[in-house]
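# Fold and geometry: a report
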Amino acid sequence: MSFKQVTPEEVASLIPNGATVAADGFTMMSVADEIYAHIEQSFLEKGTPNNLTFVHAAGQSNRVDGLARLAHPKLLKRVVGPHWGLNPPMANLLGEDEVEAICLPQGQISTLYRTIAAGRPGQLSTVGLGTFIDPRLDGGRINDSARAVTAPDEYVELVEIDGKEYLFYKSFPIDVAIIRGTKIDPDGNISQEDDVTILDSLAIAQSVHNNGGIVIAQVKELVERGDIPARLVNVPGVLVDYVMVTSDPAKYHKQTNSAIEVNMDLITGYASSEELAKSILAHEVEPVRVRIGERGAKLVRDGDIINLGTGLPGDSIGRALAVSGKLAKVTLTVESGTYGGVPLGGVDFGCAIHPAAIISHP
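The following refers to the structure shown. (Residues numbered from 1 in each chain as written. Predicted model: local features only at pLDDT ≥ 70, side-chain atom pairs only at ≥ 80, totals over all residues. Heavy atoms only, no water.)

### Side note on the sheet that holds strand β17 (residues 331–334)
Strands pair in a sheet through their backbones, by hydrogen bonds, and they do so in one of two ways: parallel or antiparallel. Reading across from one edge, β16-β17-β18-β21 is the order of the four strands in this open sheet, with mixed pairing throughout. In this open sheet, the two strands that pair with only one neighbour each are β16 (305–307) and β21 (357–358). Relative to β17, β16 runs parallel, the two being bridged by three bridges. What sits directly across from isoleucine 306, in β17, is leucine 332. (Pairing = 2+ DSSP bridges. Helix = DSSP H or I, 4+ residues; strand = E, 2+ residues; numbered from the N terminus.)

Put into structure tokens, the structure is as follows:
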């Protein structure tokens, strides 16, 4: 084997105190939740690992599990992420100044992994100009503890090219990667065919491997060499150092928060617009959300490509479009990478029922 297999009880000891850790995930999709659970347990029992800087490109919680498990002072020194709306324990920790908080745009963090992997010094964007991301304001620092120890241009610098202003999002070294997969073969090749999104696992692994760090993967099963078709390999084995097989997939390896084992035909299989509408309308929805959806559907024109944020996907906008008969005439998308079908909402946000395509997060 090109990797070392470790037990759940051993996994936390792989992470050095003071390390910068990056992890994949979106709500509870593709989240290596058992690794998080053992990091928390180790810290509470032994005090290690501690003083971690934790980087994530999307929210990874259902308000209780996932990244919420790590919301402890001294376990974390700093968090670099885009939002904590579904993670009240972490939001409270950051809001009370017990952990330094750096808030950067989701898309910039997601693409920055690839920039770091390539050894580039950073990436240019107009995203964030004139906002709290702009170093002329706060440079992404959103609490006093972060402002006390970091300069406004530590993560983002203002530059001018040909008379136009840009923000330069700086690369930084990452020591540990935490990713998740479905299967792993003896060469360390990892597939993610049971995951309902394709996020940042490859880019995170590349950025850490190329920095001389370690890549830790949580998987559901070990398989024989050749059992994973080459096209289904999301992370090649040369990037993987340690693997932990989850002890309880139903508890720690959920496909979405609400559905422990999603019917993959529902998530990836084709359905006609009539079948999709029938599936959506079978679920009860609060009347006020129905009315919100109906109002939103009136703004939609045939051929529109609609990006849905968390809060109003399948149970409101998708439902209203199904009722109005417009669902087959538009394309609903989510930033996690789904196109078509009807996106799910709440703590299941990020995947869709019967999508036409699933692409990577960046």
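So much for the structure itself; the text now carries on.
### Comments concerning the pairing of strand β12 (residues 214–219)
Counting buried positions along β12 yields five of six residues, so the element is predominantly enclosed. Pairing geometry for β12 and strand β15 (residues 242–245), over four bridges, is parallel. Bridge pairing in β15 places isoleucine 216 opposite tyrosine 242. (Buried < 20%, exposed > 50% of the residue type's maximum accessible area, 1.4 Å probe, protein only.)

### Some points on the pattern of salt bridges
Tallied over the entire structure, the rule returns 15 salt bridges. Measuring nitrogen to oxygen at the nearest pair gives 3.6 Å for the salt bridge that ties glutamate 157 to lysine 170. Of this pair, glutamate 157 sits in strand β7 (residues 156–161) while lysine 170 sits in strand β8 (residues 164–170), placing them 13 residues apart in sequence. Among the residues examined, lysine 170 registers a relative accessible area of 21% and is labelled partly exposed. Lysine 220 is the partner of aspartate 194 in a salt bridge, and the nearest nitrogen-oxygen pair spans 3.1 Å. Of this pair, aspartate 194 sits in the loop between β11 (190–191) and α6 (201–209) while lysine 220 sits in the loop between β12 and β13 (221–222), placing them 26 residues apart in sequence. Given a relative accessible area of 23%, aspartate 194 falls into the partly exposed group. A cluster of three or more residues bridged by salt bridges with shared partners is formed by Asp138, Arg141, Asp144 and Arg147. (Salt bridge = Lys/Arg side-chain N within 4 Å of Asp/Glu carboxyl O.)

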